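Here is what each chain is made of, one letter per residue.
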Amino acid sequence: QVGRSRIAILICAFNEEKTIKAIVNQAKKIGQVFLIDDGSTDKTSKYTKYMNINYFKNKKNIGYEKSLARGFKIILSRNFDYLVTMDADGQHKFNSLKEILLKIKRYDIVIGSRDKTNNFLEKILSFFSKKYLNLTDILCGLKAYRLNKYKNYKSSNPDIIGTNYLFYGINNGVRISEIKIKCDDRQHGNSRYYANISNYIKILQLILKIIRK
């Protein structure tokens, strides 16, 4: 079992007041939580204010990629062995979080592979990532990283849907594994991700990036 003090859990949230408290309470059992609040206008900050976590709020909504980059930078400057990213919407199961941490002891990156994808473009992305990278679900928000492999990491732009850290690992020959995970359906509202047409374009850009590798 990996020690709790050696694990940082990074959660990026935007208006997740209905799920964030339960997610943080679960994550705190595993490691130290770093919450990047991406300019939420609901009660996300109120519900996490007294939860004894590392809380950072963006002055305005800057999006998932930049929020993730902010959290990565903060955690890399501190003394942790592992970093785990997870979503704030309640779809990741607590058991999956524990399983991914058991596997990271033998690998440098472990990716959750969901039992269902969000739409047809993700299925196409999965086809190409399986063919060229031997990975099936690179968009899954549940990932674990061994941080000593990121000592020389420098951010590169543009980051496509938070995959820069994975591609950095691929380019540096780290050991990568996937683990099958079950995801709960989103309980409150619909995913905001595919409400933005630019995110469909990002997936197409990601497919091209994989093919060109």
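Residues numbered from 1 in each chain as written. Predicted model: local features only at pLDDT ≥ 70, side-chain atom pairs only at ≥ 80, totals over all residues. Heavy atoms only, no water.

Secondary structure assignment for the protein chain yields seven helices and seven strands. Mapped from its N terminus to its C terminus, the protein chain presents α and β elements in the order β-α-β-α-β-α-β-α-β-α-β-α-β-α. The C-alpha atoms of the protein chain give 16 Å as radius of gyration, which agrees with the globular expectation for 213 residues (17 Å, within 12%). Across the protein chain, every contact between residues at least 6 apart in sequence was considered, and the portion connecting residues at least 24 apart equals 75%. Only carbon and sulfur atoms are counted for the fraction: they give 49% of the accessible area of the protein chain, which is about 11,100 Å². (Helix = DSSP H or I, 4+ residues; strand = E, 2+ residues; numbered from the N terminus. Rg over C-alpha atoms; globule rule 2.2 N^0.38 Å. Contact = heavy atoms within 4.5 Å. Areas by Shrake-Rupley, 256 points an atom, 1.4 Å probe, with all protein chains shown as cover.)

Spatially, seven strands are ordered β3-β2-β1-β4-β6-β5-β7 in an open sheet, and the strand pairing comes out mixed. Each edge of the open sheet is held by one strand with a lone partner, namely β3 (54–57) and β7 (176–181). Adjacent strand axes in the sheet meet at a mean angle of 20 degrees when their direction is disregarded. Contacts from helix α4 (residues 94–103) reach β1 (7–13), β4 (82–86), β5 (109–114), β6 (143–146) and β7 within the one sheet, and its direction differs from that of β7 by about 155 degrees. (Pairing = 2+ DSSP bridges. Axes fitted to C-alpha atoms, helices over the stretch in contact; angles between N-to-C directions.)

Okay, the nonpolar core next. Core analysis: the largest hydrophobic core is formed by 36 residues, its most contacted members being L10, F34, I75, L125 and L206. Those elements giving two or more residues to this core turn out to be β1, β2 (32–37), α3 (64–76), β5, α5 (120–133), α6 (164–171) and α7 (197–212). I9, A13, I30 and C140 belong to the second-largest nonpolar core, a separate cluster that totals 29 residues. (Core = buried A, V, L, I, M, F, W, Y, C linked by side-chain atoms within 4.5 Å. Buried < 20%, exposed > 50% of the residue type's maximum accessible area, 1.4 Å probe, protein only.)

For α7, with 16 residues, the first-to-last C-alpha span of 23 Å sits near the 22 Å given by 1.5 Å per residue. Residues of α7 that are buried: N199, I203, L206, I207 and I210. The buried residues of α7 occupy an angular sector of 100 degrees when projected down its axis, which confines them to one face. Across from the buried face of α7, at angles greater than 90 degrees, the exposed residues are I197 and R212. (Expected span 1.5 Å × (residues − 1). Arc of directions from axis to C-beta.)

Considering the arrangement of structural elements, one finds R146 in strand β6. Overall, R146 belongs to the buried group, its relative accessible area being 14%. Only 3.1 Å separates the side chain of R146 from the backbone oxygen of Y107, close enough to count as a polar contact. If we skip the residues at most four places from it in the chain, R146 touches D81, Y82, I104, K105, R106, Y107, D108 and R175. (Polar contact = N/O pair within 3.5 Å; in protein donor to acceptor, adjacent residues only side chain to side chain.)

Where charged atoms from two side chains of opposite charge approach closely, those side chains can pair. Summed over the entire model, instances satisfying the criterion amount to six salt bridges. Two residues, D81 and R6, come together in a salt bridge whose shortest N-O distance is 2.5 Å. Note that D81 is positioned in the loop between α3 and β4 and R6 in the segment before β1, a separation of 75 residues in sequence. One network of salt bridges, in which partners are shared, links D108, R146 and R175. (Salt bridge = Lys/Arg side-chain N within 4 Å of Asp/Glu carboxyl O.)

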